[in-house]
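The lines below spell out each chain.
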Amino acid sequence: MPNYVSKLRVPGAYFNLMIFALNDHDLGIAFQNVSELRNAQRILQENSQMILLMVESVRDYAIFRLDAEGLVASWSIGAEAMYGYTAEEILGSPYARLRPLEDTEEDLPQKQLNEVGLEGSVRSESWCVRKDNSRFWANIVLTALRDETGTLLGYACVASDATQRRRSDQAIEKQSAALTRSNTELAQFAYVASHDLNAPLHKVRAFADRLEAKLEGKLDDEGRDYLSRMLRAIDGMQHLIDGLLELARVTTRGGGAEVVDLGALARDVVESLDLAGAHGNARVEVGGLPKINADPLQMRQLLQNLISNGLKFQRPGTRPIVRIRGKATDDGRCELVVSDNGIGFDMKYAERVFQPFQRLNSRSEYEGSGMGLAICQKIAARHGGTITVTSKPEHGTEFKVVLPISQEGRLECLPQEKAFR
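About the thresholds
- Residues numbered from 1 in each chain as written.
- Predicted model: local features only at pLDDT ≥ 70, side-chain atom pairs only at ≥ 80, totals over all residues.
- Heavy atoms only, no water.
- Axes fitted to C-alpha atoms, helices over the stretch in contact; angles between N-to-C directions.
- Helix = DSSP H or I, 4+ residues; strand = E, 2+ residues; numbered from the N terminus.
- Parallel < 35°, antiparallel > 145°, perpendicular 65-115°, else oblique.
- Left-handed = near helix turned anticlockwise from the far one by under 90°.
- Contact = heavy atoms within 4.5 Å.
- Nonpolar A, V, L, I, M, F, W, Y, C, P; charged D, E, K, R; others polar.
- Salt bridge = Lys/Arg side-chain N within 4 Å of Asp/Glu carboxyl O.
- Buried < 20%, exposed > 50% of the residue type's maximum accessible area, 1.4 Å probe, protein only.
- Pairing = 2+ DSSP bridges.
- Arc of directions from axis to C-beta.
- Phe/Tyr/Trp six-rings, centres within 6.5 Å; stacked < 30°, edge-to-face > 60°.
- Lys NZ or Arg CZ within 6 Å of the ring centre and 35° of its normal.
- pLDDT = per-residue confidence, 0-100.

## Side note on the packing of helix H8 (residues 262–271) against helix H9 (residues 296–312)
Each pair of packed helices can be summarised by the angle the axes make with each other and by the distance between the axes.
Right, on to step 1. Where H8 contacts H9, the two axes come as close as 10 Å, and the packing angle between them is 55°. If you check the angle between H8 and H9, you find them oblique. In this structure, H8 crosses over H9, and the sense of that crossing is right-handed. Listed contacts from H9 to Leu262, Leu265, Ala266, Asp268, Val269 and Val270 of H8 are Pro296, Met299, Arg300, Leu303, Gln304 and Ile307.
Right, on to step 2. Of the residues that constitute the contact of H8 with H9, the class distribution is nine nonpolar, one polar and two charged.

Laid out in structure tokens, this is it:
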């Protein structure tokens, strides 16, 4: 009698049943509990069905599989919607069919599959071709599929249409490039215009000085007043031109970035100021400041402008005090704070103080062209940083400058002849 194998199901368990002959008169029966195996098979089948259902429900992504030879072995509904091919039309076709002719001629699809085989998974972006020969820019992730022995079984591919995003990125790049060119041209124009204005202004100043010398003692009070006003107007125009030149030089004549010790630089700036004389026995306190990578000349100009600003706008009868402190933050930036005990101002003017030629006080009270803080803001921006202000009338002002500690990868802080090649 031949052996007989069957399956026996007991509620909650599965057994394999084998009946076999022991001799001419007796039979043997063997039971094998296969409950765990059957449950594992059931779970695997349910998971496979769930994965298939998930893949088929995705419409925004093309999900398909290639065999080890690079031929399409499975094709989702999302792939059909993106590429235009039905499963019957594309199954068995080479992966190269989905790529432009020029890629195929250079064997790029196969090279990409070879790379995936070595790396395990590769993300790339490239042109893909639909059934109607139209093109779209795709973000593609290819992953190698291997069995437990490491044998290559094929490739899984997930692709998404990134055409609109690429167009947006290109538009932003064009706008950014155009804005950079415009800013550069504007800065160069301001520099040239300011430079050219100096020549006639110097002539006016020279003739005014000659006129003053020639008419000394010959003018009445009214004549002397007119001449004095003319000379003050010339001086004011000279300050404006000088300020405009300094503002333009931030971008047109910026230097390269190097290591700058802000503490040593601040102390050097303070030593160059006439604290006891011109600034009424002022005191400047320099706290701990970090080292950063920056244009050293512009960092000097930034500190000098902020310190001088704090010393200039002092309250009558009060000893001017300016405090400088700073620290490196955990996110790779430097915070530089310059505060004073001066006259302060209403915060509704906070944005106005950084605009060129804008003044909150008359020139008769406080001298200057109104360019110092505009230059500070431009220097901070060139280094990828920001400058903000906090103030209150009669309670002083605090400026906070936040700068990256490193300028690596920023063209703005290369010497200008290199940055715009």
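## As for the pattern of salt bridges
Right, on to step 1. Taken as a whole and assessed by the stated rule, the structure comprises 15 salt bridges.
Right, on to step 2. For Asp221, the salt bridge goes to Arg224, with nearest N and O atoms at 2.1 Å. Pair noted here: Asp221 and Arg224 are both in helix H7 (residues 221–252), with a separation of three residues, about one helical turn.
Right, on to step 3. Residue class for Arg224 comes out partly exposed when judged on its relative accessible area of 43%.
Right, on to step 4. Asp331 is the partner of Arg333 in a salt bridge, and the nearest nitrogen-oxygen pair spans 3.0 Å.
Right, on to step 5. Owing to a relative accessible area of 36%, Arg333 belongs among the partly exposed residues under this scheme.
Right, on to step 6. Within this structure, Glu125, Arg165 and Asp169 form a network of salt bridges that share partners.

## Section: helix H10 (residues 372–382)
Right, on to step 1. Within the span of H10, buried status applies to Leu373, Ala374, Ile375, Cys376, Ile379, Ala380 and Arg382.
Right, on to step 2. Positive backbone phi, approximately 75°, marks Gly384, located one or two places after H10.

## Quick notes on the pairing of strand E14 (residues 386–391)
Regular strands have side chains that alternate between both faces of the sheet.
Right, on to step 1. Burial along E14 is one-sided: the face carrying Ile387, Val389 and Ser391 is buried and the face carrying Thr386, Thr388 and Thr390 is not.
Right, on to step 2. What sits between E14 and strand E15 (residues 397–404) in their antiparallel hairpin is a turn of five residues, with Glu394 showing a positive phi close to 70°.

## Quick look at H8
Right, on to step 1. Taken together, the buried positions of H8 are occupied by Leu262, Gly263, Leu265, Ala266, Val269 and Val270. Within H8, the buried residues cover an arc of 165° as seen down the axis, which keeps them to one side.
Right, on to step 2. Residues of H8 that are buried make contact with strand E9 (258–261), strand E10 (283–286), strand E11 (291–294), H9, strand E12 (321–328) and strand E13 (333–340).

## Quick look at the sheet that holds E12
Right, on to step 1. The strand order E10-E12-E13-E15-E14 describes an open sheet built from five strands, whose pairing is mixed. The open sheet terminates on both sides in strands that have one partner only, identified here as E10 and E14. If you compare each strand with its neighbour and ignore which way they point, the axes differ by 15° on average.
Right, on to step 2. One ladder, built from four bridges, connects E10 with E12; its direction is parallel. Bridge pairing in E12 places Glu285 opposite Arg323.
Right, on to step 3. Where H8 meets the sheet, its contacts fall on E10, E12 and E13, and the angle it forms with E10 comes to roughly 170°.
Right, on to step 4. Across the face of the sheet, H10 comes into contact with E14 and E15 while running at roughly 140° to E14.

## A short note on the sheet that holds strand E5 (residues 72–75)
Right, on to step 1. Taken together, the five strands give an open sheet; going across it, the order is E5-E4-E8-E7-E6, and neighbouring strands pair in antiparallel fashion. Two strands in the sheet have a free side with no partner beyond their single neighbour: E5 and strand E6 (121–129). Direction aside, the axes of adjacent strands within the sheet are offset by 30° on average.
Right, on to step 2. Pairing of strand E4 (residues 61–67) with strand E8 (residues 152–161) involves seven bridges; the strand directions are antiparallel. The residue of E8 that forms the bridge with Phe64 is Cys157.

## Some words on the packing of H9 against H10
Right, on to step 1. Across the interface, H9 lies against H10 with an axial gap of 9 Å and an inter-helix angle of 145°. Between H9 and H10 the crossing geometry is left-handed. For the pair H9 and H10, the contacting residues are Gln298, Met299, Gln301, Leu302, Asn305, Leu306 and Asn309 in the first and Gly372, Leu373, Ile375, Cys376, Ile379 and Arg382 in the second.
Right, on to step 2. Of the residues contributing to the contact of H9 with H10, the split by class is seven nonpolar, five polar and one charged.

## Observations concerning the packing of aromatic side chains
Right, on to step 1. The tally for this structure, following the rule as stated, stands at six aromatic pairs.
Right, on to step 2. Ring centres of Phe64 and Tyr83 lie 6.1 Å apart, and the angle between their planes is 90°; this geometry places the pair in the edge-to-face category. Remark: Tyr83 occurs in helix H2 (residues 77–83) and Phe64 occurs in strand E4; sequence separation between them is 19 residues. Tyr83 carries the same exposure label as Phe64, and that label is buried.
Right, on to step 3. A cation sits over an aromatic face here: Arg166 above Trp137, 4.0 Å from the ring centre.

## Examining the confidence of the model for the protein
Right, on to step 1. Looking at the protein as a whole, its pLDDT mean stands at 81, while 77% of the residues score no less than 70.
Right, on to step 2. At the low end of the mean pLDDT range in the protein sits helix H11 (residues 416–419), at 46; at the high end sits E15, at 94.
Right, on to step 3. Low pLDDT, under 50, characterises residues 416–421; the predicted model gives this stretch nine contacts beyond four residues in sequence or across chains.

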